[in-house]
Every structure is written in C-alpha cells, then in structure tokens.
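Spelled out from the first residue to the last, the chains are:
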Amino acid sequence: MKIRYFDHAATTAVRMDVIKSMLPYLGSEYGNPSSVYQIGRRSKKAIEEARKTIANCINCKPNEIYFTSCGSESDNLAIKGIMYANKEKGKHLITSKIEHPAVLNTCKFLENEGYEVSYVNVDENGKVKLDELQNLIRNDTVLITIMYANNEIGTIQPIKEIAKIARKNNIIFHTDAVQAAGNVNIDIEDLDVSALSISAHKFYGPKGMGALFVKENVKFVSIQNGGHQEKNKRAGTENVASIVGMANALKIACRDLKQNTEYLEKARSYFIYEVEKRIPDVKLNGDRINRLPGNVSFSFKGVDAAQLVLALDEYGICVSSGSACTSGVSEPSHVLVAIGLNEEYIQGTLRSTFGIENTKEDIDYYIKNLIDIVTKMRNL
Ligand code: PLP
C-alpha cells in the first residue's frame, strides 16, 4: 500500500541529496575532527563549513552556532546553560504554557533545583499574552524562553515583539525554533533573539542532530562534562556526517523557502476549506493566518482521535493525534487545554502536517477517507 505521509511536524524523510552529502563522512572521511593529521583536519574543515552554512541561513556569526544531538538537547543547553551562568542576577525565568516538553520539563527540572518559573498564558489562538508577559518580569528575571511556532497547533508567536520586551528589560531571550526552522525565514539580526534551537530532522535532515545559536555576548555554561569540543560548551566527538547533512538540508530549505511556503499554504488552505465544508462539528485550532505553512490542527466533536489515527493508518495515511511527542499519553494535551478547547473537542484532535512531496491526489485521497471514517465513527 502506498504510504501518504502527513506528519512532517513529527519528522521528515532525509532528502536524497542530503544523504549523498553525508555519505563520505560515514565512509572514507572517518577522521576524528580533533585529530591533527589530514583526515582529522578534513573532518574539522567539513564541520566549520557546515557552521558557516547554517550561520548564513539564519544570519548570525559562525562562532555563535553550537552543534548538539537534537532539538531537546539544544533547549536543555540553552535554558540550563544560561540560568547556571547568570545566577548572580537571579533564579527566575519565564516560559509559556504551550511549550514542547523539551522546554517544559527542563523548567520543571530547574524548579526542583530551586529556580522559579512563571508560565505565561496564551489566547484562544495560542498566541502568548504580551501584556501578561510584561507583568511577569521581575528584577531577578534572567531568561524568557518562548517557542517560535507551536508543534501541535502551528501558531507562530510574535517573536520580534517578545524580543523587544526582553531587550527593554535587559533579559536574555531564547526561542525554541524547532518547528519553525526550514519552514519560515529566520533572521537572527532582524529578530534580535539571544538564543535559538533547531533540529535537523524537521527539515529533511538526519535525526539526532541539532544546533543552538547563542549570541556572542550571552553568558552560558556547558551542562555536559567531557572534552573541549564546541568551544568547551558541548563535550563529545562531533557527528560529522549529520552536521554536514543538517547544514545541507537547511541550505536547501532556505533556498526553496518561498516556493515551498506557497505550495504548503495552498495545500493547507485547500485541506481546511474542504474539511470545513464537508464535515460538520469540526473546529480549526490555532491562528487561522499566523500559523506554520503546512500545519492543520482540527478537532472533530465526538470522535476519538487515537482511533481515527489507527483507522487512517489502515489506508496508508500517516497523521497524528495532537502531538507525536506526547501521543500515547492519555492526559489531554496541555496546549489544547491552554487555548481553552472544550473537552468534547480535545480528544478528537487530529494534527495534519503537510510536506513538499504531498501531491493534490494524496490530499484528495486523505480527505475522502477522513470523511468516510469520521462519518462512520460518529454513526456508531
Ligand atoms: N521543540 C519542539 C517545538 C518540537 O516540536 C520538538 C520535536 O518534535 C522538539 C523541541 C524536540 O526536538 P528533537 O526531536 O530533535 O529532540
């Protein structure tokens, strides 16, 4: 059966050209980048080239990029690393109620260590309440960490406005841009953020590969003991092949951003239009306009989304109920609770995230089966 994949927020397939660029570093170019002989130096050179490529894509300096093993690690390093390094200023940080567990659980960990965390609310579209954020700021606030775009409902936050608030109050601002990178234009200079996390597998790069941007003048410490890699900020022999793969994947995503965005927004609008027209009692979650180009989160009243996902899978359709990172967990999604969604809709929430390889025929096949299955499930 043909697989029709609409779960690009969970992960993406590595592009063939990206795989090809990685292959030498899985084969003959196996030198340790810390070794001084030629094959070691060539690995080191590949890493520094990749650093430049990524810096170019997001408009920062190469020495402000640190390679990590994933988006979760980038978030951990940013949040813990910044809080530990700036203890003399205070032990307070602010985040939002709709962050990914990589951020929320890091905050929880810090709370157990005696740090204080304030959680800003979002409105019904999932947008952070800026006046509330302003009011949560204290003299001892070190960090604001708020995601660029939400992984469940796709809402894009007003990052520039949050950065302005942080700048005015002399607070460091980190954003988890794991869902945004490769899908929206990220310009560090323009955004004026101090730290930003990305993850390669969300933009057709390899899994287990992340990066963290930290502005030159921002103090942060390593959270892992070991060797001197990444300017003493992240110990461990570098994953050369994946670093090269991530850089190439991001370069291609940036190069094709305009046409990909147009395509995904068209696919998204078509899907939303057809579903809203043909299925009653359905609610679109997140901001109708200000959302990730490929993201659609729909809640179907009176439907169990976990069953819906399994039924769609029978037809080769891959989608997710809520967020892939939390699926399998029976508690209602913290994001859907935070936007005030009614309980009768929460459990019927289905996240579809489109990708550039999805054709109109794929989407029509999905819509047809979605209508059939939802109708059948409601009639039961
Ligand atoms: N942050 C967000 C917003 C995400 O969506 C994810 C993964 O889905 C992560 C962080 C974690 O990234 P990784 O899977 O690379 O650890």
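Look up a bit, the structure's there.
Rules used throughout
Counting restarts for each chain, with residues numbered from 1 along the sequence as it is written. With pLDDT at 70 or above as the cut-off, local features in this predicted model cover only qualifying residues; side-chain atom pairs require 80 or more to be listed or tallied, and sums for whole chains, interfaces and linings still use all residues. As a rule here, side-chain values cover all heavy atoms of the structure and leave hydrogens and water aside. Strands are labelled as partners when DSSP assigns at least two bridges between them. Helix and strand labels come from DSSP, where a helix needs a run of H or I of at least four residues and a strand needs a run of E of at least two; each type is numbered from the N terminus. To get an axis, a line is fitted to the C-alpha atoms, and for a helix only the part in contact is used. The angle between two axes follows their N-to-C directions and goes from 0 to 180 degrees. For this analysis, residues touch if any pair of their heavy atoms sits within 4.5 Å. Here the angle decides the label: under 35 degrees means roughly parallel, over 145 means roughly antiparallel, 65 to 115 means roughly perpendicular, and every other value means oblique. Each helix crossing is assigned a hand: it is left-handed if the near helix lies turned anticlockwise from the far helix by less than a right angle, otherwise right-handed if that turn is clockwise. Here the nonpolar group is Ala, Val, Leu, Ile, Met, Phe, Trp, Tyr, Cys and Pro; Asp, Glu, Lys and Arg are the charged ones; every other residue, Gly included, is treated as polar. Here, nonpolar core means buried Ala, Val, Leu, Ile, Met, Phe, Trp, Tyr and Cys residues that are tied together by side-chain atoms lying within 4.5 Å of each other. Here the term buried applies to any residue with accessible area under 20% of the maximum for its type, exposed to any over 50%, and partly exposed to those in between, with areas from a 1.4 Å probe on protein chains only. Detection works on a 1 Å grid of protein atoms alone, calling trapped sets that fit a 1.4 Å probe cavities and calling open sets with protein on both sides within 12 Å along at least five of seven lines pockets, with lining residues defined by an atom within 4 Å of a point. Grid points are joined across faces, edges and corners, and a volume is the space filled by probe spheres set on the points.

Visitor: It is not clear to me how the sheet that holds strand S8 (residues 210–214) should be interpreted in this structure. Could you clarify?
Guide: Pairing between the strands of a sheet is mediated by backbone hydrogen bonds and can be parallel or antiparallel. The seven strands lie next to each other as S2-S8-S7-S6-S5-S3-S4, forming an open sheet whose pairing is mixed. The open sheet has two free edges, formed respectively by strand S2 (65–68) and strand S4 (116–120), since each of these has just one partner strand. Taken pair by pair, the neighbouring strands of this sheet meet at an average axis angle of 20 degrees, ignoring direction. Bridge count for S2 against S8 is four bridges, and the pairing is antiparallel. Residue pairing across strands places Ile65 opposite Phe213, the latter belonging to S8. Lying on the sheet, helix H3 (residues 71–85) is in contact with S2, strand S3 (92–96), strand S5 (141–145), strand S6 (172–176), strand S7 (195–199) and S8; it crosses S7 at an angle near 160 degrees.

Visitor: Where do I start with the packing of helix H11 (residues 305–313) against helix H14 (residues 360–379) in this structure?
Guide: Two numbers describe a pair of packed helices, the interaxial angle and the distance between the axes. Contact pair H11 / H14: the axes reach a minimum separation of 10 Å and the direction vectors enclose 130 degrees. In terms of orientation, H11 lies oblique with respect to H14. Both H11 and H14 take part in a crossing whose hand is right-handed. The residues of H14 that touch H11, namely those facing Gln307, Leu308, Ala311 and Leu312, are Tyr366, Asn369, Leu370, Ile373, Val374 and Met377. Residues that form the contact of H11 with H14 fall into these classes: eight nonpolar, two polar and no charged.

Visitor: Got a minute to help me understand the nonpolar core in this structure?
Guide: As a rule of thumb, nonpolar side chains are buried together in soluble globular proteins. With 65 residues, the main nonpolar core has Phe67, Ile144 and Ile186 as its most contacted residues. Considering each element in turn, this core owes the most residues, nine residues, to helix H9 (residues 240–255). The residues touching Ile144, leaving out its near neighbours within four places in the chain, are Ile94, Leu133, Ile137, Ile162, Ala166, Ile171, Ile172, Phe173 and His174. Core analysis: the second largest hydrophobic core is formed by 28 residues, Ala267, Val296, Phe298 and Leu308 among them.

Visitor: I'm lost on the sheet that holds strand S13 (residues 349–353) in this one. Help?
Guide: One open sheet holds the four strands; their spatial order is S9-S10-S13-S12, and the pairing between them is antiparallel. Only two strands of the sheet have a single partner each, and these edge strands are strand S9 (282–285) and strand S12 (320–321). Where S9 meets strand S10 (residues 295–300), four bridges bridge the pair, whose relative direction is antiparallel. Bridged to Asn285 within S10 is Ser297.

Visitor: What's the story with empty space enclosed by the protein in this structure? I'm lost.
Guide: To find leftover empty space, a probe the size of one water molecule is rolled over the atoms. The full count for this structure, using the stated rule, is one cavity of 30 Å³ or more. Of the volumes computed, that of the largest cavity is approximately 290 Å³. Gly182, Asn183, Lys202, Tyr204 and Leu264 are the residues nearest the centre of the largest cavity, which is lined by 27 residues in total. For the lining of the largest cavity, the secondary structure elements donating two or more residues are H9 and helix H10 (257–278). In terms of residue count, H10 provides more of the lining of the largest cavity than any other element does, four residues in total. Its residues assigned to classes, the lining of the largest cavity shows 12 nonpolar, 13 polar and two charged.

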